[in-house]
Amino acid sequence: NIVFEAKGLKKSYDGGHVLALRGVDLQIREGEFVAITGPSGCGKSTLLQLLGSFVTPTEGSLTFRGKSIPDMKDASHYRSHDIGFVFQAFHLLPTFTVLENVQIPMFEGGLTVAQRTDRAKELLTSVGLGHRLTHFPSELSGGERQRVAIARGLANGPSVVLADEPTGNLDSENAKQILELLMKLHSERKVTLTLVTHDPSIAEMAGRTIRMKDGRVVSDGTSESSISLS
Ligand code: ADP
Ligand code: ADP
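Residues numbered from 1 in each chain as written. Chains lettered and ligands numbered in written order. Predicted model: local features only at pLDDT ≥ 70, side-chain atom pairs only at ≥ 80, totals over all residues. Heavy atoms only, no water.

Q: Can you help me understand the overall build of the protein chain in this one?
A: When helices and strands are counted, the protein chain shows seven helices and eleven strands. Rg of the C-alpha trace for the protein chain: 17 Å, near the compact-globule value of 17 Å for 230 residues, within the 12% margin. Here the C-alpha coordinates of the protein chain stretch approximately 50 × 35 × 35 Å along the principal axes. Of all 230 residues assigned to the protein chain, the portion counted as buried reaches 49%. Pairs at least 24 residues apart make up 68% of the contacts formed inside the protein chain by residues separated by at least 6 positions. Total accessible area on the protein chain stands at roughly 11,000 Å², and carbon and sulfur atoms take up 52% of it. Charge centroids of the protein chain, computed over 25 positive and 26 negative side chains, lie 2 Å from each other. (Helix = DSSP H or I, 4+ residues; strand = E, 2+ residues; numbered from the N terminus. Rg over C-alpha atoms; globule rule 2.2 N^0.38 Å. Buried < 20%, exposed > 50% of the residue type's maximum accessible area, 1.4 Å probe, protein only. Contact = heavy atoms within 4.5 Å. Areas by Shrake-Rupley, 256 points an atom, 1.4 Å probe, with all protein chains shown as cover. Lys, Arg positive; Asp, Glu negative; His and termini not counted. Charge placed at Lys NZ, Arg CZ, Asp CG, Glu CD.)

See below:
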């Protein structure tokens, strides 16, 4: 049960002047908690954005559950149902309430207004924000905003969550809470969690750490048995 598989995955920007990924091979299996780590500019975000179909590969293949990841422009269902994506900068819509923000990905799903509202309330309660439903994002702390974003990412019950530096904009106390929340999702909802971080202490909490450097994977393994590829 392989969730993601990349073979010879390459990504360049600016007509080939920037080689962000120089040939990545990897598999991510159902139920794993994988941390992707490495220095700034090594290609972590690019890899995650490829998994989320926010950018298109330059070369190589990339599959989700055995099928090619849909092309960027056809990926809206994939992005709202198959995966949940959590960004560093939250990306909430400022003129909508917390409750509305969480419902946005549900509009394509054929639910009634009442079903959407109930589901959004349930998700917000599960991230500890049942008392903030009618607040606007600007009225929340950073940690609370990220919890809204996580609830939104879970709107359609994805089996996979991709998180790009989800604690990067938070102080250490809020970062800890967000991390605990993600780990709870992983263990209770059996969500396959792939998280990009440059923070070694976060990477340590994952069952598996993929280390990147200069657009390549240089090591991949559990903390006990790391396979060095460099
Ligand atoms: P990381 O997440 O590890 O910091 P990124 O994947 O963001 O690395 O970036 C990898 C390389 O690709 C860097 O050299 C970065 O400057 C470049 N890059 C990333 N996104 C773009 C883009 N949209 N256009 C041009 N270059 C980019
Ligand atoms: P933190 O200490 O976690 O960074 P803040 O000091 O920003 O949090 O906020 C503390 C509490 O006050 C939070 O629960 C937040 O929801 C609430 N809050 C912050 N700013 C506003 C605001 N402009 N309007 C209403 N509530 C707010």
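Q: I keep staring at the site of ligand 2 and nothing clicks. Help me out?
A: By nearness alone, every residue bordering ligand 2 is listed as R132, S138, E139, L140, S141, E144 and N174. Contact between ligand 2 and E144: an oxygen atom at 2.5 Å from a side-chain N or O atom of the residue. Within the complex, the protein chains bury 41% of what would otherwise be the 550 Å² of accessible surface of ligand 2. Taken together, the residues of the shell around ligand 2 sort by class into one nonpolar, three polar and three charged. (Near = heavy atom within 4 Å. Polar contact = N/O pair within 3.5 Å; in protein donor to acceptor, adjacent residues only side chain to side chain. Nonpolar A, V, L, I, M, F, W, Y, C, P; charged D, E, K, R; others polar.)

Q: Just to check I follow, could you spell out helix α4 (residues 113-126) for this structure?
A: Along an α-helix, residues three or four positions apart point the same way, because every turn accommodates 3.6 residues. Taking 1.5 Å per residue as the helical rise, α4 with its 14 residues ought to reach 20 Å, and the 20 Å between its terminal C-alpha atoms agrees with that figure. Among all positions in α4, only R116, T117, A120, L123 and L124 are buried. All buried residues of α4 project into a common sector of 130 degrees when viewed along the axis, lining one side. More than 90 degrees from the buried face of α4, the exposed residues found are E122 and T125. Summarising the contacts, the buried residues of α4 are in contact with α3 (98-103) and α5 (142-153). Positive backbone phi, approximately 80 degrees, marks G128, located one or two places after α4. (Expected span 1.5 Å × (residues − 1). Arc of directions from axis to C-beta.)

Q: Can you help me understand the site of ligand 1 in this one?
A: In the neighbourhood of ligand 1, the contacting residues comprise Y13, D14, V18, A20, P39, S40, G41, C42, G43, K44, S45 and T46. Contacts to ligand 1 include G41, whose backbone N or O atom sits 2.7 Å from an oxygen atom. In this structure, an oxygen atom belonging to ligand 1 sits 2.8 Å away from a main-chain N or O atom of S45. Alone, ligand 1 offers 560 Å² of accessible surface; in the complex the protein occludes 60% of this. Among the elements of the structure, β2 (18-29) and α1 (44-51) are those that each provide at least two residues to the shell around ligand 1. Top contributing element to the shell around ligand 1 by residue count: α1, with three residues. Looking at side-chain class alone, the shell around ligand 1 contains five nonpolar, five polar and two charged residues.

Q: Would you take a moment to explain the packing of aromatic side chains for this structure?
A: In this description, an aromatic ring pair is defined by two values, namely the gap between the centres and the angle between the planes. Applying the stated criterion to the full structure yields five aromatic pairs. Centre to centre, the rings of F54 and F87 are 5.8 Å apart; their planes meet at 70 degrees, and the pair counts as edge-to-face. Pair noted here: F54 is in the loop between α1 and β4 (59-64) and F87 is in the loop between β6 (83-86) and α3, with a separation of 33 residues, a long-range link. F54 gets classed as partly exposed once you look at its relative accessible area, which sits at 28%. Taking the relative accessible area as the measure of exposure, F87 reaches 23% and is therefore partly exposed. One aromatic cluster is present, formed by F4, F64 and Y78 through successive ring pairs. (Phe/Tyr/Trp six-rings, centres within 6.5 Å; stacked < 30°, edge-to-face > 60°.)

Q: For this particular structure, what's the right way to read the nonpolar core?
A: In globular proteins that are soluble, nonpolar side chains generally tend to be buried together. Membership of the largest hydrophobic core comes to 37 residues, with the highest contact counts inside it found for V102, L124, V148, I150 and L182. For I150, the contacting residues outside a window of four places in its chain are V86, I178, L181, L182 and L185. One finds V34, L47, V55 and L62 within the second-largest nonpolar core, a separate group that totals 29 residues. (Core = buried A, V, L, I, M, F, W, Y, C linked by side-chain atoms within 4.5 Å.)

Q: For this particular structure, what's the right way to read helix α6 (residues 172-188)?
A: A rise of 1.5 Å per residue sets the reference length of α6, with its 17 residues, at 24 Å; its end C-alpha atoms lie 24 Å apart and thus fit the reference within 8%. Taken together, the buried residues of α6 touch β3 (33-37), α4, α5, β8 (192-196) and α7 (200-203). Following α6 by one or two positions, K190 has its phi on the positive side, about 55 degrees.

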